[in-house]
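The chain contents come next:
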Amino acid sequence: MFMVDTHIHTCLSPCAELDMHPAALIDAAVGAGLDSIAVCDHNSAENAGAVQRAGRAAGLAVIPGMEITSAEEVHILGLLPNLESALALQAKVYRSLPGRNDENTFGMQVVVNEFAEVLGFNEHLLAGATTLSLEAVVAAIHSVDGLAVASHVDREGFGIIGQLGFIPPELPLDAIEISRRMPLTRARETYAPGGERSILCASDAHDPKDIGTAATYMLMEQATLQELRWALAGEGGRTILGGGRPMEDLALHILDIAQNSLEAGAATIEIRIWEDPAEDRMTIEVRDNGRGMDPETVKKVMDPFFTTRTTRKVGMGLPLLAAAAKAAGGELTVDSKPGSGTLVRATFQHGHLDRAPLGDIETTLMVLLAGQPDRNIYFRHRIDDLEFELDSRDFQTADIDLSSPIGLAILREAIRKGESGLRVFKYGRRTV
Amino acid sequence: MNIADAAKRIDGTIVAGIGAAEGEIQGGYASDLLSDVMANSREGDIWVTMQKHVNIVAVAQLNSLAAIVLVNGRAPEPDTLARAEEMAVPIISTPLQAFDVIGILYGLNIRGRRPV
């Protein structure tokens, strides 16, 4: 399983922060727990090589890319197989990009190497639009074997729907991307109710702190463009498991904690969510039978200082979830003993203005069940008197292989049915 | 005022949908964000825009707009042209810029109207 942020700018983009140099950016990506990123500056790929080299040194796969502005002022990401393709596409873009940058108006366009040394300043008007039509941009990306993704389709400015009213049905896009503003659950209903489009969640980071604030979870063998192509098309056992906002969505906090449980050797993980809007209460529990922790370790993993970005693997999730619970008038407790597993419980005021959204439970369950077919995962989500239960053992009993495409499809359908069943209420639809 | 007459007044050429150019203009709308045009333009509006992507024809069709005016001498893309012919949506191309086009149309008593 790969957690990927496919849309990150560098200091080459005039609108990005100057500290978005390759090393800082890779540091932040590793700290956010990402397995791979794509670097996509506006109308240029001049920093892509440096980011790739910085990534290689840190063991992080970097996909080169570019965010091209079409003549209609629609942003299209080109995700590319290698640097040569990126530079070939860049040459095409430069030929169709009028104007020169004015640093005072738009900002600096810094070309750097992987050691944060300034190599020069790009003089093209990267903030401007190319003279290439949308169709020509997509064709240019495909001509160098790249993947064409409509950027932040939920945004009015430079988003394909804002600019053009709707996605041209004939346009051969490989995926659409949603920004941090939109929950994946809503994006599915809005843009792909029949699963007709692949959706990427990406941060569109212009600042190191934004990296990984949105991410896509993909089932792939390795982080290459070919694998990404298969995942988007759902071919060869590769697939998009889901996505969302790891720092915000409670569902992804749950995923993070469950992943800690897996690392602690748990054979069984039980996840329970109770939502009780009438009593203004929400409780999330993750219980495992892993090796457990002594009091000192519990204290450590709860310490936000201990969990700076570079040490996320030790459990950045708990302090984040603790902060989310506290902000919503609740609290987080960790009950753990060596040899007898761990119970994490977070409570919230359900209707609290600062209560983080639950996010996409489908992502959480897809990643856990598809990624760990040998573990037992039990899930229960209750809203008022409605309940959705899922147990990985039922799939084992029914002889459904969750690592097969059919198994994945059955799992996805079961989760969708169960979760949407919770949202149908006697008064009609409700939002939780 | 009908579309053919309005086209002359803004130095425009009807490049597509000439068969529908006798239609009456009931109001006007100006925007380059097609999502906004879909939400706020009204039936019978003449729509002034820079956009020449094929989607403009669908938006005009959807809201039963009277005609599309492409400003700054912009010509529709080939597929836009073909679709406009097929759907009988008049497209006027004018060398004038949007500000002047709208000023002239306003002088002809064509007004923006509140969205329905």
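Every value quoted in this text rests on a predicted model; they were computed, and no experiment measured them.

K.L.:
Describe in detail the environment of R382 of chain A, supporting the description with residues and values.
P.N.:
Residue and element names in this part refer to chain A. Position of R382 among the secondary structure elements: in strand β16 (residues 376-383). Residue R382 is classed as partly exposed on the basis of its C-beta count, with 16 C-beta atoms lying within 10 Å. With 221 residues separating them in the primary sequence, R382 and I161 have C-alpha atoms 36 Å apart. Look past the residues within four positions of R382 in its chain and what remains in contact with it is I273, W274, E275 and E387.

K.L.:
So what's going on with the interface of chain A and chain B? Which residues, and what values?
P.N.:
In this complex, chain A contributes eleven residues to the contact, which on the side of chain B involves eleven residues. The dominant element in the side of chain A that touches chain B, judged by the number of residues it contributes, is helix α6 (residues 160-164) of chain A, at four residues. Partitioning the side of chain A that touches chain B into residue classes produces five nonpolar, four polar and two charged.

K.L.:
Give a description of the domain arrangement of chain A that names residues and reports values.
P.N.:
Residue and element names in this part refer to chain A. Domain boundaries in chain A define domain 1 (2-243) and domain 2 (250-429). Between domain 1 and domain 2, the C-alpha centre-to-centre distance is 30 Å. Taken together, the 16 residues of domain 1 in the interface contact 13 residues of domain 2. Those elements that provide at least two residues to the side of domain 1 that touches domain 2 are α1 (22-31), α7 (184-191), β10 (215-219) and β11 (239-244). Split by residue class, the side of domain 1 that touches domain 2 holds eight nonpolar, seven polar and one charged.

K.L.:
I'd like to hear about helix α11 (residues 317-327) of chain A, residue by residue, with values.
P.N.:
Buried within α11 of chain A we find G317, L318, L320, L321, A322, A324 and A325 of chain A. Immediately beyond the C-terminal end of α11 of chain A, within one or two residues, lies G329 of chain A, with a positive phi of roughly 70°.

K.L.:
Lay out the sheet that holds strand β3 (residues 61-69) of chain A in plain terms, naming residues and giving numbers.
P.N.:
Residue and element names in this part refer to chain A. Across the sheet, which stays open at both edges, the nine strands sit in the order β9-β8-β7-β4-β3-β2-β1-β10-β11 with mixed pairing between neighbours. Two strands bound the open sheet, and with one partner strand each, they are β9 (199-201) and β11. Averaged over neighbouring strand pairs, the angle between their axes works out to 30° when direction is ignored. Sheet strands in contact with helix α2 (residues 48-58) are β2 (36-42) and β3, and its direction is about 160° off that of β3.

K.L.:
Could you give me a rundown of the packing of α1 of chain A against α2 of chain A, with the residues and numbers involved?
P.N.:
All names here are of chain A. Contact geometry for α1 and α2: axes closest at 9 Å, N-to-C directions at 45°. Between α1 and α2, the angle falls in the class oblique. As for the relative orientation of α1 and α2, their crossing is right-handed in sense. Contacts from P22, A23, L25, I26 and V30 of α1 reach α2 at A50, V51, A54, G55 and A58. For the contact of α1 with α2, the class distribution of residues is nine nonpolar, one polar and no charged.

What counts and how
Residues numbered from 1 in each chain as written. Chains lettered and ligands numbered in written order. Predicted model: local features only at pLDDT ≥ 70, side-chain atom pairs only at ≥ 80, totals over all residues. Helix = DSSP H or I, 4+ residues; strand = E, 2+ residues; numbered from the N terminus. Buried ≥ 20, exposed ≤ 12 C-beta atoms within 10 Å, placed from the backbone. Contact = placed C-beta atoms within 7 Å. Nonpolar A, V, L, I, M, F, W, Y, C, P; charged D, E, K, R; others polar. Domains from an automatic or database assignment. Pairing = 2+ DSSP bridges. Axes fitted to C-alpha atoms, helices over the stretch in contact; angles between N-to-C directions. Parallel < 35°, antiparallel > 145°, perpendicular 65-115°, else oblique. Left-handed = near helix turned anticlockwise from the far one by under 90°.

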